[in-house]
Amino acid sequence: MDALGLNLAGLITHFISFGILFALLVFLLYKPLGRVLEERRKRIEEGLSASERAQEAAEEARAEALAEIQQGREEAQRLVAQAQELAQRIESDARDNASVQADQLIERARSEIEQERDQAVQQLRNEFAGMAIAAAERVIGQSLDADDHQRLIADVLADSSQN
């Protein structure tokens, strides 16, 4: 091996040194560095997982907010519909009440007109009967007693009702 310029003892020493250095590097550098890298990888995975969870929570919160907004809109529409229905009902009740009052006023006016007409007819009959009695007294030339008055009034009224 000397012809190649290699010293066997030096070569073995180098292999042993390399083995010791390799073992030291594995135990002192590779394994701790591997643990650090593994921990970093786990933290990155946890961060990504937390980020995904946060994104999902944000999407859920957004969906809930949209659902609440929609529910608020529906509630507002329902309240507007109820208010319109109530307004229509109040308007209808007011119309019905006004119609009933108008009908009552018309009926009361008709009743008053009929009473006044009946009173006028009665008054005319009384005046006519008085004039008929006065005319009969002048024609007959004497005063009539109460029975004759009643009979004469009844006859005159009967004749005037038939005409």
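Residues numbered from 1 in each chain as written. Predicted model: local features only at pLDDT ≥ 70, side-chain atom pairs only at ≥ 80, totals over all residues. Heavy atoms only, no water.

(A) Representation of the overall build of the protein chain within the structure. Along the protein chain, the regular secondary structure elements total two helices and zero strands. Burial statistics for the protein chain: of 163 residues in total, 4% are counted as buried. As displayed, the protein chain has an accessible area near 14300 Å², and 57% of this comes from carbon and sulfur atoms. (Helix = DSSP H or I, 4+ residues; strand = E, 2+ residues; numbered from the N terminus. Buried < 20%, exposed > 50% of the residue type's maximum accessible area, 1.4 Å probe, protein only. Areas by Shrake-Rupley, 256 points an atom, 1.4 Å probe, with all protein chains shown as cover.)

(B) Fine view of the pattern of salt bridges. Applying the stated criterion to the full structure yields five salt bridges. Put simply, Glu-45 and Arg-41 hold a salt bridge, and the shortest N to O gap is 2.4 Å. Of this pair, Glu-45 and Arg-41 both sit in helix H1 (residues 8-140), four residues apart, which is roughly one turn of that helix. In this structure, Asp-118 engages Arg-117 in a salt bridge whose closest nitrogen and oxygen atoms are separated by 3.6 Å. Accessibility expressed as a relative area gives 38% for Asp-118, which makes it partly exposed. Members of the salt-bridge network, linked through shared partners, are Glu-38, Arg-41 and Glu-45. (Salt bridge = Lys/Arg side-chain N within 4 Å of Asp/Glu carboxyl O.)

(C) Spotlight on a negative patch on the surface. On the surface, a cluster of negative charge is made up of Glu-52, Glu-56, Glu-59, Glu-60, Glu-64 and Glu-68. Positionally, Glu-59 belongs in helix H1. (Patch = residues over 30% accessible without salt bridge, like charges linked within 9 Å, V, L, I, M, F, W, Y side chains within 5 Å. Lys, Arg positive; Asp, Glu negative; His and termini not counted. Charge placed at Lys NZ, Arg CZ, Asp CG, Glu CD.)

(D) Examining the packing of aromatic side chains more closely. What the rule picks out here adds up to one aromatic pair. Ring centres of Phe-18 and Phe-22 lie 6.2 Å apart, and the angle between their planes is 20°; on these two criteria the pair is classed as stacked. In this pair, Phe-18 and Phe-22 are both assigned in helix H1, four residues apart and thus about one turn of the helix distant. (Phe/Tyr/Trp six-rings, centres within 6.5 Å; stacked < 30°, edge-to-face > 60°.)

(E) A look at the environment of Asn-126. Within the element layout of this structure, Asn-126 appears in helix H1. Asn-126 gets classed as partly exposed once you look at its relative accessible area, which sits at 48%. Residues Asn-126 and Ile-153, 27 residues apart in the sequence, show an inter-C-alpha distance of 9.2 Å.

Read these as spatial facts, not as claims about activity.
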